[in-house]
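The lines below spell out each chain.
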Amino acid sequence: MIKEFFGIGGYTRTPEGAYSWQHLTFVGLLLALMVVLAVWLGCRNRRWNVRTQNRVMIWAAILIDGLELIKIALSCYTKQVAGEPWYEGILYNLPLFLCSIQLIVIPLAAFTKGRLREISADFVALFGLLGAVLGTVGAAQNYNAYPVLGFDNVVSGLTHTISGFASLYVMIAGLATFKRSNVPGCVGLLLGFCGAAFAVNTWVIPRNYMFLTGHDGTPYQIVYDLVGGSPLWYPLSVVGLFVVYMAAFYAVARLLRIKKRVTVNT
C-alpha cells in the first residue's frame, strides 16, 4: 500500500484521467480550502503589522519547500532503484516552472525586508493564483499519468494550492503593494527564470521547464497550435503572454487601489 501510494517501482493503478470526476473533486476541494483559509487569515491579519502578517507567509514557505524537498528526495531514490543516476531526480525537479518559482519567491517574501520583500510579495500575488489554477485544474498531463490519490498528484495539488493561498493572502492582508517601482524587479525575476529554464531545456536536460519547448497537454496548446509549434515563436509567445498577463494584473490592481483610496477619502 505504501509503495503504491508513493509510486515506488511505478503505479499499478490506472490513472483516472484528466477532468475525470475524481480529478475535479480532488482539486475542487483543495481550491475551496485554499480560498477559505486565505480569506479568513487575510481579513483577520490585515490590520496587524507586517511582522505579524508575515508569520503566515513563513508557514507557507516552510510547507511548500518541505513538501518539495520530500518529493525530490523520493524522486532521487526511485531513480536510483531504477538503475538511473540519482541526481536526475534533482535535475527533473528544478524550480523552473511558472508554478515552482513560488518555491523561491514565497520564502523571499516571508524572510526578507525592504524592496526585495515588496517585489517578492507582488510576484507571489501576480503568479501564485494563476499557477494554482493551471497546476490543478489545468494539469491534464499529471492526471493522465498518475492516479489522483498518488504521491505525485497529492504533493503537486498541495504545493500549487499553497502558492494560490499565498497569492490571495498577500493581496487580502495588504502585503502586496503593486508599486510602480516594483515592476522592473518583477519583470526581471520573470525573465531571469525564463532564461534559466530555456538554458536548462536546451543544454542541460531535455525538460520542458516553463513550457517553453511544448505544451504537454496544457492550455499552452492553443499558443503552440497558433504558431505551428515554431521553436522560435512558441517560446517567445509564451514569455510574451507572461508579460502581458503581468501588465494587465498590475493595471487592474492599481486601479482597484486608486478607487479604494477615493472611496475612503469621500
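Above this text you will find the structure in question.
The following refers to the structure shown. Quantities reported herein were computed from a predicted structural model and do not represent experimental measurements. (Residues numbered from 1 in each chain as written. Predicted model: local features only at pLDDT ≥ 70, side-chain atom pairs only at ≥ 80, totals over all residues. Heavy atoms only, no water.)

Some points on the side chain of Ser75
When you line up the elements, Ser75 lands in helix α3 (residues 50–81). In this structure Ser75 comes out as buried when scored by relative accessible area, which is 16%. (Helix = DSSP H or I, 4+ residues; strand = E, 2+ residues; numbered from the N terminus. Buried < 20%, exposed > 50% of the residue type's maximum accessible area, 1.4 Å probe, protein only.)

Structural notes on a nonpolar patch on the surface
Judged by side-chain polarity, Tyr19, Leu24, Val133 and Val137 come together as a nonpolar surface patch covering roughly 320 Å² of accessible area. Summarising the element assignment, Tyr19 is placed in the loop between α1 (2–6) and α2 (21–45). (Patch = residues over 30% accessible without salt bridge, like charges linked within 9 Å, V, L, I, M, F, W, Y side chains within 5 Å. Areas by Shrake-Rupley, 256 points an atom, 1.4 Å probe, with all protein chains shown as cover. Salt bridge = Lys/Arg side-chain N within 4 Å of Asp/Glu carboxyl O.)

Concerning the packing of helix α6 (residues 114–134) against helix α9 (residues 183–204)
At a minimum axis distance of 9 Å, the contact between α6 and α9 shows a crossing angle of 65°. Here α6 runs over α9; the crossing is right-handed. The segment α6 lies against α9, with Ile119, Asp122, Phe123, Leu126 and Phe127 engaging Gly185, Cys186, Leu189 and Leu190. Its residues placed into classes, the contact of α6 with α9 shows seven nonpolar, one polar and one charged. (Axes fitted to C-alpha atoms, helices over the stretch in contact; angles between N-to-C directions. Left-handed = near helix turned anticlockwise from the far one by under 90°. Contact = heavy atoms within 4.5 Å. Nonpolar A, V, L, I, M, F, W, Y, C, P; charged D, E, K, R; others polar.)

Focus: α2
With 25 residues, α2 should reach 36 Å at 1.5 Å per residue; the first-to-last C-alpha distance of 36 Å fits that figure. When we look at burial in α2, the residues that qualify are His23, Phe26, Val27, Leu30, Leu31, Met34, Ala38, Leu41, Gly42 and Asn45. (Expected span 1.5 Å × (residues − 1).)

Topic: the pattern of salt bridges
Counted under the stated rule, the structure contains five salt bridges. A salt bridge links Glu4 to Arg13, with the shortest nitrogen-to-oxygen separation between them at 3.0 Å. You can call Glu4 buried: its relative accessible area is 16%. Note on Arg13: relative accessible area 33%, which makes it partly exposed. In this structure, Glu84 and Lys79 form a salt bridge, with 3.2 Å as the shortest nitrogen-oxygen distance. Salt bridges linked by common partners bring Lys79, Glu84 and Glu88 together as one network.

Here we look at the side chain of Thr136
Turning to its location among the elements, Thr136 is positioned in the loop between α6 and α7 (140–145). Ignoring any residue separated from it by four or fewer positions in sequence, one finds Thr136 in contact with His23, Val27, Leu31, Tyr143, Gly157, His160 and Thr161.

Description of the environment of Ile58
Here Ile58 is to be found in helix α3. Overall, the relative accessible area of 27% leaves Ile58 in the partly exposed class. Taking C-alpha positions, Ile58 is 6.9 Å from Pro107, a pair spaced 49 residues apart along the chain. Not counting residues up to four positions away in its chain, the partners in contact with Ile58 are Ala110 and Phe111.

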